[in-house]
Amino acid sequence: KSQLGLFLTIAGSLRENGIDVLLRHCANSAATICHPESRLDMVRCGVAVYGLYPSETCRGGQRGLRELAAVLPPGPHRHRLLALAGYMWQRRC
């Protein structure tokens, strides 16, 4: 959490000095699950996209994760759906 505070301080300082940070992201899979306040504008859901928890600590009382590919329909455009869903997942988490 101290890393998030430092990140937000620096991003705020940049903004105050006329430098606009378009997309702020500092949450990986573990932070996305355990620290929702770190999600900001985008997240990097690495191992969680495959239905795996990054650690037992993150499992906690969370609902079970499901592999993204397991919830998409089969078909010729499946790879495009996976790519699009990966982008949308980053924007909605």
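Refer to the preceding data block for the structure.
Conventions and cut-offs
- Residues numbered from 1 in each chain as written.
- Predicted model: local features only at pLDDT ≥ 70, side-chain atom pairs only at ≥ 80, totals over all residues.
- Heavy atoms only, no water.
- Salt bridge = Lys/Arg side-chain N within 4 Å of Asp/Glu carboxyl O.
- Helix = DSSP H or I, 4+ residues; strand = E, 2+ residues; numbered from the N terminus.
- Contact = heavy atoms within 4.5 Å.
- Polar contact = N/O pair within 3.5 Å; in protein donor to acceptor, adjacent residues only side chain to side chain.

A. A look at the pattern of salt bridges. Counted according to the given criterion, the structure contains one salt bridge. Here Arg-24 makes a salt bridge to Asp-41, at a shortest N to O gap of 3.1 Å. Remark: Asp-41 occurs in the loop between helix H2 (29-34) and helix H3 (56-59) and Arg-24 occurs in the loop between helix H1 (2-16) and H2; sequence separation between them is 17 residues.

B. Up close: the environment of His-25. Mapped onto the elements of the fold, His-25 is located in the loop between H1 and H2. Distance in space between the C-alpha atoms of His-25 and Val-43 is 5.7 Å, their sequence separation being 18 residues. Once residues lying within four places of it in the same chain are set aside, the contact partners of His-25 are Phe-7, Met-42, Val-43 and Arg-44. Among the polar contacts listed, one links the side chain of His-25 to the side chain of Arg-44, at a separation of 3.1 Å.

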